[in-house]
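Spelled out, the chains give:
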Amino acid sequence: MLDILKIAVVFTAMLVFLRLKWNIGYVLIIASGLLALMYLMPLQAMLLTIKSTITDLVTIKLFFALTLIRILEMVLRENNVLAQMMEASIRLLKQKKAVIISMPMLIGMLPSLGGAYFSAPMVDESTKSIKMSPEEKGFINYWFRHPWEYVLPLYPGILLASAITHMELRSLILSNMAYALIIVISGFFLSMRAIHKRTEQKKEKKESREKIDLRLYFSFAPITTILLMVIVFHLELHYALGITLIGLFLFYRLDLRFAIRAFKYGFTKDVIILILGTMLFKFTMENSGAVEQLSRYFFEKKIPLLPILFLLPFISGLLTGLTVGFVGGTFPLLLSIAGGAHLNEITFAFASGFVGVLLSPVHLCLVLTREYFKADMWGIYKKTIPGCTAIMAGALVLYYGLKSI
């Protein structure tokens, strides 16, 4: 019980600071210090945590990825590529609603660090003609990125779950498919009410339209190239971004003055603080023993199986904001408690954990989305919580429906 109170204090403090519009990076650094104090971490452990934060490969990759994403966003924006992509989507998809959600869903296929920062300007561009709050835009960018993590084997979480439970990946994907559909359907219902009219198409001569269409559709080349390099050739995102940027600089013949301005835009203090704060909190959670202590508490109190299947992954996902965090941290324990791997229990636990990830204030996609749109965190949560409730309702139906299989 003491561990639950400690975590509650830390998260309450975080939410208070976020409500006061504090920079999320600084909030996470303060939360890490508070967590270290509450768990009485020795000085050596604290220094090791700081060292891990700075030297960890994920931190370095995240820094390069976010920096290059900012540079790419500037190149695309200042060369009218984003506007051309939106116009091409309008012509192709016709429906304004489909255009808006297509960008985060497309970029969401990239199992990348910081991908939300990539799709955010596209959502912003596609909603310029619509009266929509920063919180509504933030929810669209955040929510529609995430159906893939339940079903796409490019994401490490579902692969790790399959490996730990020795459950066939195909079975896990098929059972999780319902959650992906719920995300799309609930998100559409929660965010598209204010959009009624079909996108108006301008009447143009056939000859000129064909020429413009070719140019517009070519605007998807940078993103398509990145997707191909990451998905087909398994290149890491920061490498794919670097190669694409080199191509864009050559294609648009961008001069040294623009390059200097672009790199100044990319390398910002806010990005550095954001990354350090996120990674420091993650390592403090691990090294303080918070997740481990909570897992042990539920086990020792002999709480019934269904609440454990929900609470352990959910809390772990909420604390870490990472799918691999709740899978790697709780699934081995769940297997021992449940007496083996059963499809209904594993898919329910996966749904619970990822709902925790979606609601986590340290989930990087949420952090980046909130920062880009300068949105109020509670404003995004007001739509995210009903969506997560719908996911868990579906998870309960699946839990009992698959029980006999």
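Residues numbered from 1 in each chain as written. Predicted model: local features only at pLDDT ≥ 70, side-chain atom pairs only at ≥ 80, totals over all residues. Heavy atoms only, no water.

Comments concerning the overall build of the protein
At step 1: Counting its secondary structure elements, the protein contains 22 helices and zero strands.
At step 2: Per-residue burial for the protein yields a buried fraction of 53% across its 405 residues. (Helix = DSSP H or I, 4+ residues; strand = E, 2+ residues; numbered from the N terminus. Buried < 20%, exposed > 50% of the residue type's maximum accessible area, 1.4 Å probe, protein only.)

Brief notes about helix α8 (residues 134-143)
At step 1: Among the ten residues of α8, eight are classified as buried, and the element is accordingly described as predominantly covered.
At step 2: Where α8 is concerned, the buried positions are Glu-135, Lys-137, Gly-138, Phe-139, Ile-140, Asn-141, Tyr-142 and Trp-143.
At step 3: Looking at the buried positions of α8, the neighbouring elements they touch are α6 (96-107), α7 (116-126), α11 (169-191), α20 (343-359), α21 (364-373) and α22 (377-401). (Contact = heavy atoms within 4.5 Å.)

With respect to the environment of Thr-224
At step 1: Tracing the sequence through the fold places Thr-224 in helix α13 (residues 221-232).
At step 2: Placed 118 residues apart in sequence, Thr-224 and Leu-106 show a C-alpha to C-alpha distance of 9.6 Å.
At step 3: Within the local environment of Thr-224, its side chain forms a polar contact with the backbone oxygen of Phe-220, the two atoms lying 2.8 Å apart. (Polar contact = N/O pair within 3.5 Å; in protein donor to acceptor, adjacent residues only side chain to side chain.)

A few points about the pattern of salt bridges
At step 1: In this structure the tally under the stated criterion is five salt bridges.
At step 2: Salt-bridge contacts for Glu-236 lead to Lys-61; the nearest nitrogen and oxygen are separated by 2.5 Å. Remark: Lys-61 occurs in helix α4 (residues 57-78) and Glu-236 occurs in the loop between α13 and α14 (237-251); sequence separation between them is 175 residues.
At step 3: The closest approach of N and O atoms between Asp-124 and Lys-137, which form a salt bridge, is 3.2 Å. (Salt bridge = Lys/Arg side-chain N within 4 Å of Asp/Glu carboxyl O.)

Things to note about α22
At step 1: With 25 residues, α22 extends 35 Å from end C-alpha to end C-alpha; this agrees with the ideal 36 Å at 1.5 Å per step.
At step 2: Lys-383 marks where α22 bends most, by close to 25°; the proline Pro-386 follows one to four residues later.
At step 3: Measuring from the backbone nitrogen of Trp-378 back to the side-chain oxygen at the start of α22 gives 3.3 Å, which picks out Asp-376 as the cap. (Expected span 1.5 Å × (residues − 1). Bend = angle between axes of the 7 residues up to and from the residue.)

Side note on the side chain of Thr-127
At step 1: Within the secondary structure, Thr-127 sits in the loop between α7 and α8.
At step 2: Within the structure, Thr-127 has its side chain in polar contact with the backbone oxygen of Asp-124 (distance 3.3 Å).
At step 3: Setting aside anything within four residues of it in sequence, one finds Thr-127 in contact with Ile-100, Met-132 and Lys-137.

Looking at the packing of helix α2 (residues 24-38) against helix α16 (residues 269-288)
At step 1: One can describe the packing of α2 onto α16 by two numbers: an axis separation of 7 Å at closest approach and a directional angle of 25°. As judged from the angle between their axes, α2 and α16 are roughly parallel. Handedness of the crossing formed by α2 with α16: left-handed. Mapping the contact onto sequence places Ile-24, Gly-25, Tyr-26, Leu-28, Ile-29, Ala-31, Ser-32, Leu-35 and Ala-36 in α2 and Lys-269, Ile-273, Leu-274, Gly-277, Thr-278, Leu-280, Phe-281, Thr-284, Met-285 and Ser-288 in α16.
At step 2: Residues that form the contact of α2 with α16 fall into these classes: twelve nonpolar, six polar and one charged. (Axes fitted to C-alpha atoms, helices over the stretch in contact; angles between N-to-C directions. Parallel < 35°, antiparallel > 145°, perpendicular 65-115°, else oblique. Left-handed = near helix turned anticlockwise from the far one by under 90°. Nonpolar A, V, L, I, M, F, W, Y, C, P; charged D, E, K, R; others polar.)

Concerning the side chain of Glu-135
At step 1: Position of Glu-135 relative to the elements: it lies in helix α8.
At step 2: Residue class for Glu-135 comes out buried when judged on its relative accessible area of 19%.
At step 3: Only 2.7 Å separates the side chain of Glu-135 from the backbone nitrogen of Asp-376, close enough to count as a polar contact.

Observations concerning the packing of aromatic side chains
At step 1: Taken as a whole, this structure holds 18 aromatic pairs when the rule is applied.
At step 2: Between Phe-263 and Phe-267 the ring centres are 6.1 Å apart and the planes differ by 20°, which places this aromatic pair in the stacked class.
At step 3: Among the aromatic residues, those joined into a ring-pair cluster are Tyr-150, Tyr-179, Phe-326, Phe-331, Phe-350 and Phe-354.
At step 4: The ring of Tyr-39 carries Lys-6 above its face, with NZ or CZ at 4.4 Å from the centroid.
At step 5: Here Arg-77 stacks its cationic end above the ring of Tyr-265, 5.7 Å away from the centre of that ring. (Phe/Tyr/Trp six-rings, centres within 6.5 Å; stacked < 30°, edge-to-face > 60°. Lys NZ or Arg CZ within 6 Å of the ring centre and 35° of its normal.)

That is the geometry; function is a separate question.
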